[in-house]
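# Structural description and commentary
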Amino acid sequence: MKRFLSILLMDLENLFKNPVLLGYNTLFAALFILIMGYLCGGDYEKMSDAYQYYGISFLIFGMLEGAMTASNCFMERDIKKPNLRIIYSPAGPAAIWLSKLTASFLFDYALHLLLLAVLCPSLHITLGPHPLDFILLMAPVEFASAALGIFFCCVFHCEETTSTLLSTVISIFGFLGGTFFPTDGLGKTIAALSRVSPVRWLNDAFFALACDGSSEYVLPVFITTIVISAALMLGCRLLFKTEDYL
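Below you will find a few notes about this structure. (Residues numbered from 1 in each chain as written. Predicted model: local features only at pLDDT ≥ 70, side-chain atom pairs only at ≥ 80, totals over all residues. Heavy atoms only, no water.)

### A few points about the overall build of the protein chain
For the protein chain, the helix and strand inventory stands at 12 helices and 0 strands. Moving toward the C terminus, one meets the helices and strands of the protein chain in the order α-α-α-α-α-α-α-α-α-α-α-α. In the protein chain, once contacts between residues fewer than 6 apart in sequence are set aside, the share between residues at least 24 apart is 76%. With the model as given, the accessible surface of the protein chain reaches about 11900 Å², and the carbon-plus-sulfur share is 70%. (Helix = DSSP H or I, 4+ residues; strand = E, 2+ residues; numbered from the N terminus. Contact = heavy atoms within 4.5 Å. Areas by Shrake-Rupley, 256 points an atom, 1.4 Å probe, with all protein chains shown as cover.)

### As for the nonpolar core
Residues Phe74, Phe134, Met138, Ile150 and Phe206 are the most contacted members of the largest nonpolar core, which totals 57 residues. For this core, the secondary-structure elements that each account for two or more residues are α2 (19-39), α3 (47-64), α4 (66-75), α6 (94-123), α7 (131-156), α8 (159-177), α10 (198-212) and α11 (218-239). Broken down by element, this core gets its largest block of residues, 11 residues, from α7. Listed in part, the 11 residues of the second largest apolar core include Phe4, Leu15, Leu21 and Phe107. (Core = buried A, V, L, I, M, F, W, Y, C linked by side-chain atoms within 4.5 Å. Buried < 20%, exposed > 50% of the residue type's maximum accessible area, 1.4 Å probe, protein only.)

### Topic: the side chain of threonine 102
Following the sequence through the fold, threonine 102 ends up in helix α6. Each residue touching threonine 102, except ones within four places of it in the same chain, is listed here: Phe4 and Leu8.

### Some points on α6
Taking 1.5 Å of rise per residue, 30 residues should cover 44 Å, and α6 covers 43 Å from first to last C-alpha, within 8% of that figure. Positioned one or two residues after α6, histidine 124 has a phi angle of 60 degrees, which is positive. (Expected span 1.5 Å × (residues − 1).)

### Some thoughts on unusual backbone geometry
You will see that histidine 124, though not glycine, has its phi angle at about 60 degrees, which is positive. Within the fold, histidine 124 resides in the loop between α6 and α7. With a relative accessible area of 61%, histidine 124 lands in the exposed category.

### Considering a nonpolar patch on the surface
Nonpolar side chains collect at one region of the surface, where Val155, Phe156, Leu165, Val169, Leu234, Leu238 and Leu239 lie side by side and expose about 550 Å² of accessible area between them. Contributions of two or more residues to the nonpolar patch are made by α7, α8 and α11. For the nonpolar patch, the element with the highest residue contribution is α11, accounting for 3 residues. Of note, valine 169 is situated in helix α8. (Patch = residues over 30% accessible without salt bridge, like charges linked within 9 Å, V, L, I, M, F, W, Y side chains within 5 Å. Salt bridge = Lys/Arg side-chain N within 4 Å of Asp/Glu carboxyl O.)

### Observations regarding the environment of phenylalanine 74
Considering the arrangement of structural elements, one finds phenylalanine 74 in helix α4. Since its relative accessible area comes to 1%, phenylalanine 74 is described here as buried. Placed 63 residues apart in sequence, phenylalanine 74 and aspartate 11 show a C-alpha to C-alpha distance of 9.0 Å.

### Focus: the packing of aromatic side chains
According to the stated counting rule, one finds 13 aromatic pairs in the structure shown. Where phenylalanine 105 meets tyrosine 109, the ring centres are 5.6 Å apart and the plane angle is 15 degrees; that geometry is what we call stacked. One end of the pair is phenylalanine 105 and the other is tyrosine 109, both in helix α6 and 4 residues apart, which spans about a single turn. Residues phenylalanine 152 and phenylalanine 156 carry aromatic rings whose centres are separated by 5.8 Å and whose planes lie at 55 degrees to one another, so their mutual orientation is tilted. (Phe/Tyr/Trp six-rings, centres within 6.5 Å; stacked < 30°, edge-to-face > 60°.)

Here it is, written out as structure tokens:
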């Protein structure tokens, strides 16, 4: 455990030294919410409603894009080289992918909580009557996203391929799920397609908590993301080969 914690701290340090990942999960996210909320404010009864929509929808999109944080943490060139020593250390090769998964989850979760702490009071974004439920529900989603990024790296053995594929898939799901604008008014075809997007189901769950005070989706989302995380971790364990990492 002590060896694993040492590796985890090293991975966290590398992530928090990455200005691109830090900026994307904080400044870029905040600017997107501010700009989209301002531009689309006329479509809502109050400007704060626009910020409420884009604050939560882009937060969900950012949680899913945590998969790319994980792929960067796992196979970025400057990180791979020092981790070659871990393969043959007493910690064992499993410590490589597991520490990267945990570090990516903690990194994204911490920055998204910081983003909420800043935007909620300044833009009057509410998390509903049970904000703790909202915050707790973020955790398994963040973890599943990190596990997805690590799993894709184990499959494709390449950060660039993994990031490109994940970015494309998540962007399509985000579009269909209503991250950039509501899709309900785009016709029956788009409305039907949106139901297959996991972003749509996450939006329903988090907006139900934040706007309706309803917890009906909490347990299904929590169980589903835990099961997905377990399956992805099993896949990482089976597919990760030290020779591929070399």
